[in-house]
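# Structural overview
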Amino acid sequence: MTTSVCSTIKTANTRIRATTSQTAKPLTPLSARRRPQILKSSLPLLLPAVLLMCQLQQFAGGGGGSGGFALAMTVPASESATAPASSSGPLSSLSTSPLRALNRTRRVQKRHGGSYISFKERFHLELNSSVLDWSNGCGGNWTGPLAEEPLVRPQKRCAKHKKLLRNLQNKTGRELRQLKAENKLRHPVNSIMAPDTSANQAIDISQRNRWKVQSGQYNFLPRLNISATPNLPLRRVHHDLQFYVAAFSYLRHAQLHFDYEFLRKQSVLSSELARYRTSARNILCFVEEAINATNVLYAPSQKHSKHRGGKMPLLGRIKTVPRLPMEKRLMRFKTPLVELHKQALLAANDKPAAMPREPHQLDALFLKYQYIQYLKQMTQLLARQRKRNCISTSHSTKKAPKTPRIKFPQRRPKGT
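As the structure is a prediction and not an experimental result, all values here were calculated from the model. Chains are numbered independently. Their residues run from 1 in the order of the written sequence. For this predicted model, a pLDDT threshold of at least 70 governs which residues receive local features, and a threshold of 80 or more governs which side-chain atom pairs are given and counted, while totals over whole chains, interfaces and linings are taken from all residues. Excluding hydrogens and water, the side-chain figures rest on all heavy atoms present in the structure.

### Looking at helix H8 (residues 157-185)
Only DSSP runs of H or I reaching four residues or more are called helices, and only runs of E reaching two or more are called strands; each is numbered from the N terminus. Take the residue count of a helix, subtract one, and multiply by 1.5 Å to get its expected span. Its 29 residues place the ends of H8 42 Å apart at the C-alpha level, agreeing with the 42 Å of an ideal helix rising 1.5 Å per residue. Among all positions in H8, only His161, Leu164, Leu165, Leu168, Gln169, Thr172, Gly173, Glu175, Leu176, Leu179 and Asn183 are buried. Exposed residues in this analysis have more than 50% of their type's maximum accessible area, buried residues have under 20%, and partly exposed residues fall in between, with area computed by a 1.4 Å probe over protein chains only.

Structural data, given as structure tokens:
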């Protein structure tokens, strides 16, 4: 009896080692992994009891199978409770695995100063946010120029406007150079299981000639025509940048749902989409600052405001595109972004949702490439407008110098 029970333990032990040494099945959904986890969690509670029976049989001296089994059945409860704690071996480590996982989580939280947030918590926080990602890029609340704020004289508006455009050009160019530098430093990876590090990127636009034939399917992405646009329309640029922020955000949410269900961690593609969404929000903030500064620069004088009841009229508020019109534009992608976004919201609220799928590869490729081209066109238009704006107005406002009149001495008539 002793040999049979111990042999069953060894067989179970070897089976456990064999199953753990095997490689995990690729991309198993979360719903399919929950039931095996429940069975494995109950296994550490049963195996120490069987081990206790073998140890008690060996302690009895092996006089007979029935005697050892009877001794194991007559052991008091106090001894049976303390025996698994003193047992050593591969089976005793299974009962302490939840404790090790808890200690590992505590060490990570202590390393990050108590601010560590798991991937599941980040997924729930990001998807449950009620604020539109493309609204209020700077995070403030601008209500217009103050009544006591000194107005700019018309003679100095040209120089102030030139400085405003130069600041916007410098900030946009700095962001563009940073994105190009990251593309050169990061290595493209094709596997979704690749680690999310600062050396990897999932969207490779260096070899765009391969998919240039399909560029006609993405004509709906915002562009700037340099030859036909003399000046940079700030409000149109603000409207276009909102679309880029929304596209990067919805693509990220679809990929995050896929990562949450199959990977349980953030993939390289999700991380890269988050970086470009942050970049588009930064440019959106710079454009909002330029629009607000233009409203202050060209605010009407106090004489005109007195005729309107003493109120300072605004030249134009910053408008945010509502969700429904924005989602209607996002439906033109090959990936059903709106539907995948709704399924991700259901999963974030712990509700039954459909199986997620990865976004289309061409959507991310063309979106990233056209966004970089848009920033390049912005900097070119700002440089042209900044050089031409004040020069053209200075020639028109400069008066021609007056020629001095020459006074000739008057001659007196003769005979006086």
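Still more to cover.
### Some details on the state of the cysteines
Two cysteine sulfur atoms form a disulfide, by the criterion used here, when they sit within 2.5 Å. Applying the stated criterion to the full structure yields one disulfide. A disulfide bridge connects cysteine 138 with cysteine 285, and the sulfur atoms are separated by 2.0 Å. Disulfide cysteine 138-cysteine 285: the torsion about the S-S bond is 110 degrees, which places it as right-handed. Of the two residues, cysteine 138 is situated in the loop between helix H7 (119-127) and H8 and cysteine 285 in helix H10 (residues 268-297); the sequence distance between them amounts to 147 residues. Using a relative accessible area of 36% as the deciding quantity, one classes cysteine 138 as partly exposed. Note on cysteine 285: relative accessible area 12%, which makes it buried.

### Here we look at the packing of H7 against helix H13 (residues 337-348)
Only the stretch in contact is used when fitting a helix axis, every axis being a line fitted to C-alpha atoms; angles between N-to-C directions are given from 0 to 180 degrees. For the pair H7 and H13, interaxial distance at closest approach is 9 Å and the crossing angle is 125 degrees. Classified by the angle their axes make, H7 and H13 are oblique. Classified by chirality, the crossing of H13 by H7 is left-handed. Contact residues: H7 offers Phe123, His124 and Leu127, while H13 offers His341, Ala344, Leu345, Ala347 and Ala348. When grouped by side-chain class, the residues that make up the contact of H7 with H13 number six nonpolar, two polar and no charged. Any angle from 65 to 115 degrees is called roughly perpendicular, while one under 35 is roughly parallel, one over 145 is roughly antiparallel, and all others are oblique. The handedness criterion is simple: a crossing whose near helix is rotated anticlockwise from the far helix by less than a right angle is left-handed, and one whose near helix is rotated clockwise is right-handed. Any two residues whose heavy atoms approach within 4.5 Å at even a single point are treated as in contact. Any residue that is not Ala, Val, Leu, Ile, Met, Phe, Trp, Tyr, Cys, Pro, Asp, Glu, Lys or Arg is counted as polar, Gly included; the first ten are nonpolar and the last four charged.

### Side note on the packing of aromatic side chains
The criterion for an aromatic pair is that two Phe, Tyr or Trp rings (for Trp, the six-membered ring) have centres within 6.5 Å, with stacked assigned to planes under 30 degrees apart, edge-to-face to planes over 60 apart and tilted to the rest. In the structure shown here, the tally under the stated rule is 17 aromatic pairs. On the basis of an interplanar angle of 80 degrees and a centroid distance of 6.2 Å, the ring pair of tryptophan 211 and tyrosine 369 is categorised as edge-to-face. Placement of tryptophan 211 in the loop between strand S2 (200-201) and helix H9 (234-263) and of tyrosine 369 in helix H14 (residues 361-397) is noted, with a sequence separation of 158 residues between them. Note on tryptophan 211: relative accessible area 11%, which makes it buried. On the numbers, 5.6 Å between centres and 55 degrees between planes, the contact of tyrosine 244 with tyrosine 374 is tilted. Of this pair, tyrosine 244 sits in helix H9 while tyrosine 374 sits in helix H14, and the two are 130 residues apart along the sequence. On the basis of relative accessibility, which here comes to 0%, the residue tyrosine 374 falls in the buried class.

### A look at the nonpolar core
Among soluble globular proteins, nonpolar side chains are generally buried collectively. The definition of a nonpolar core used throughout is a set of buried Ala, Val, Leu, Ile, Met, Phe, Trp, Tyr and Cys residues joined through side-chain atoms within 4.5 Å. In terms of nonpolar packing, the biggest core is built from 54 residues, with Leu221, Leu232, Phe333, Tyr371 and Met378 touching the most fellow members. At the level of secondary structure, the elements contributing two or more residues to this core comprise H8, H9, H10, helix H12 (323-330) and H14. Setting aside its immediate chain neighbours within four residues, tyrosine 371 contacts Leu179, Leu241, Tyr244, Phe248, Tyr276, Ser279, Ala280 and Ile283. In terms of nonpolar packing, the next biggest core, distinct from the first, is built from eight residues, Phe119, Phe123, Leu256 and Tyr260 among them.

### A few points about the pattern of salt bridges
Throughout this description, the term salt bridge denotes a Lys or Arg side-chain nitrogen within 4 Å of a carboxyl oxygen of Asp or Glu. Under the definition given, this model contains seven salt bridges. Note that glutamate 126 is salt-bridged to arginine 277, the shortest N-O span being 3.1 Å. On the criterion of sequence distance, the pair formed by glutamate 126 in helix H7 and arginine 277 in helix H10 is long-range, its members being 151 residues apart. For aspartate 133, the salt bridge is made with arginine 277, and the minimal N-O distance between the two is 3.7 Å. Here aspartate 133 is found in the loop between H7 and H8, whereas its partner arginine 277 is found in helix H10, with 144 residues between them in sequence.

### Some remarks on the confidence of the model for the protein
Scored between 0 and 100, pLDDT is the confidence that the predictor attaches to each residue. Confidence along the protein averages 74 in pLDDT terms, with 59% of residues attaining 70 or more. Averaged pLDDT values for the elements of the protein fall to 39 in helix H3 (residues 65-73) and rise to 96 in H12. Low confidence marks residues 1-24, where pLDDT is under 50. Its contacts with residues over four positions away, or in another chain, come to 18 contacts.

### Points about the environment of leucine 362
With respect to the element layout, leucine 362 can be found in helix H14. For leucine 362, a relative accessible area of 11% gives the class buried. For leucine 362 and glutamine 214, which are 148 residues apart along the polypeptide, the C-alpha to C-alpha distance reads 8.8 Å. Filtering out sequence-adjacent residues up to four positions away, leucine 362 remains in contact with Trp211, Gln214, Tyr218 and Lys334.

### With respect to the environment of leucine 345
Along the chain, the position of leucine 345 falls in helix H13. Assessed through its relative accessible area of 28%, leucine 345 is described here as partly exposed. Separated by 222 residues in the primary sequence, leucine 345 and phenylalanine 123 place their C-alpha atoms 9.7 Å from one another.

### Digging into unusual backbone geometry
Not every positive phi belongs to a glycine, and arginine 264 is a case in point at roughly 65 degrees. A residue is classified by how much of its surface remains accessible, and arginine 264, at 35% relative accessible area, is partly exposed. Backbone geometry places aspartate 350, a non-glycine residue, at a positive phi of 60 degrees.

### Structural notes on H13
End to end, H13 covers 16 Å across 12 residues, agreeing with the expected 16 Å (1.5 Å per residue, within 8%). Residues of H13 that are buried: Leu337, Val338, Leu340, His341, Gln343, Ala344, Ala347 and Ala348. On the buried face of H13, the contacting elements are H7, H9 and H12. Trailing H13 by a residue or two, aspartate 350 shows a phi angle of about 60 degrees, which is positive.

### Describing the side chain of histidine 238
With respect to the helices and strands, histidine 238 occurs in helix H9. The residues contacting histidine 238, other than those within four sequence positions of it, are Leu284, Val287, Glu288, Ile291, Ile318 and Lys319.

### Some thoughts on the packing of H9 against H12
Two elements in contact, H9 and H12, have axes whose closest approach is 10 Å; the angle formed by their N-to-C orientations is 70 degrees. Considering the angle they form, H9 stands roughly perpendicular to H12. In this structure, H9 uses His239, Gln242, Phe243, Ala246, Ala247 and Tyr250 to contact H12, whose residues at the interface are Arg323, Met326, Glu327, Arg329 and Leu330. Grouping the amino acids of the contact of H9 with H12 by side-chain chemistry returns six nonpolar, two polar and three charged.

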